[in-house]
Amino acid sequence: MKNKWLVTLVILPLLIPFILTACGGGTTTTTTSTSSTSTTSTVTTTAPGGEIEAVEFNGVALTPIAQQRNNALAGTQVIDRATYTLTVDGLVDHPLTLTYDDLLALPQYDRLQDLDCVEGWSFTAKWTGPSLKDIFKAAGVKPEAKIVIFLSTDASTGYTSLDLPYIVDNDIIIALKDNDITLLAARGLVFLVVAMSKYGYKWAKWVTRIELSDNTSFRGYWENYGYSNNATVGGPAFEKSR
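On a predicted model such as this, the values are computed, not experimentally measured, just so you know.

(A) Focus on the sheet that holds strand S9 (residues 147-152). The five strands lie next to each other as S6-S5-S15-S9-S10, forming an open sheet whose pairing is mixed. Edge positions in the open sheet fall to strand S6 (96-99) and strand S10 (155-163), since each of these has one partner strand only. Across this sheet, the average inter-strand angle for adjacent strands is 20°, counted without regard to direction. Bridge analysis of S9 against S10 gives five bridges, and the strand direction is antiparallel. Looking across to S10, one finds that Ser152 is bridged to Ala155. Helix H3 (residues 132-139) contacts strand S5 (85-90), S6, S9 and strand S15 (207-213) of the sheet and is inclined by roughly 135° relative to S6.

Shown next, in the form of structure tokens:
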């Protein structure tokens, strides 16, 4: 018994920093809707750039951006939209290099989605941006592709991954806007992956490359520390040893 308590006292302090910095994202609060669909938003707050922040969407109150909590691996990453490029490669027929303006030119979709953290906090926001399905259609995904790896400025070998069927079936978007405001640097500018029904460490941000892969053994930053690769909200935060 003494040995058991000794192990607990040694291991627990080592886990605390990871529990307090890994974050999780979202239970769906409504069905998704495209920007061309009839929807309603109530707006009152004006951002410094002249954009107006939505406070309500489809009858649901939104968490103000100033009250939305956030986490980061190595602090806020600063990306220049004017020089930014997103590479889409791997198991595709036509590798893509997309600028910020290219992403803006794609059809934009709205999602009302909670972001839930494994720390126990959450918030509700309206996210707007292009669909990964549209991007993958342009790239021509090869049949052997199984997962999508997101590489970011703070995790250049791969921050996290999502199963390709999950992305397609849920029509996952990459958000360029949060509550109708251009995504802030702290939230992930240029975009945030809106990984609906997944804990927030699957909501990749500061992404510079998206790789289509057949390597189902890949594990991202937090997953390599034992966090669940499935990351379904309400499910276990940690997975058994592989």
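(B) Inspection of the pattern of salt bridges at higher detail. For the coordinates displayed, the defined rule picks out eight salt bridges. When the shortest N-O distance is used, the salt bridge between Arg209 and Glu211 registers 3.5 Å. Residue classification places Arg209 among the partly exposed positions, given a relative accessible area of 28%.

(C) A look at the packing of aromatic side chains. By the definition in use, this model includes 10 aromatic pairs. When the centroid spacing of 6.2 Å and the interplanar angle of 50° are considered together, the rings of Trp222 and Tyr225 count as tilted. Here Trp222 falls in the buried class, since its relative accessible area comes to 3%. On the basis of relative accessibility, which here comes to 41%, the residue Tyr225 falls in the partly exposed class.

(D) Broad picture of the side chain of Gln68. Structurally, the position occupied by Gln68 is in the loop between strand S4 (60-61) and S5. Within the structure, Gln68 has its side chain in polar contact with the side chain of Asp178 (distance 3.3 Å). In contact with Gln68, not counting residues within four places along its chain, are Thr63, Phe123, Ala125, Asp178, Asn179 and Arg187.

(E) The arrangement of the pairing of strand S3 (residues 52-57) in detail. Relative to S4, S3 runs antiparallel, the two being bridged by two bridges. Along S4, the bridge assignment pairs Phe57 with Val60. The loop that links S3 with its antiparallel partner S4 comprises two residues; one of these, Asn58, has a positive phi angle of about 55°.

So, how was this worked out
- Residues numbered from 1 in each chain as written.
- Predicted model: local features only at pLDDT ≥ 70, side-chain atom pairs only at ≥ 80, totals over all residues.
- Heavy atoms only, no water.
- Pairing = 2+ DSSP bridges.
- Helix = DSSP H or I, 4+ residues; strand = E, 2+ residues; numbered from the N terminus.
- Axes fitted to C-alpha atoms, helices over the stretch in contact; angles between N-to-C directions.
- Contact = heavy atoms within 4.5 Å.
- Salt bridge = Lys/Arg side-chain N within 4 Å of Asp/Glu carboxyl O.
- Buried < 20%, exposed > 50% of the residue type's maximum accessible area, 1.4 Å probe, protein only.
- Phe/Tyr/Trp six-rings, centres within 6.5 Å; stacked < 30°, edge-to-face > 60°.
- Polar contact = N/O pair within 3.5 Å; in protein donor to acceptor, adjacent residues only side chain to side chain.

That's the geometry; what it means functionally is another story.
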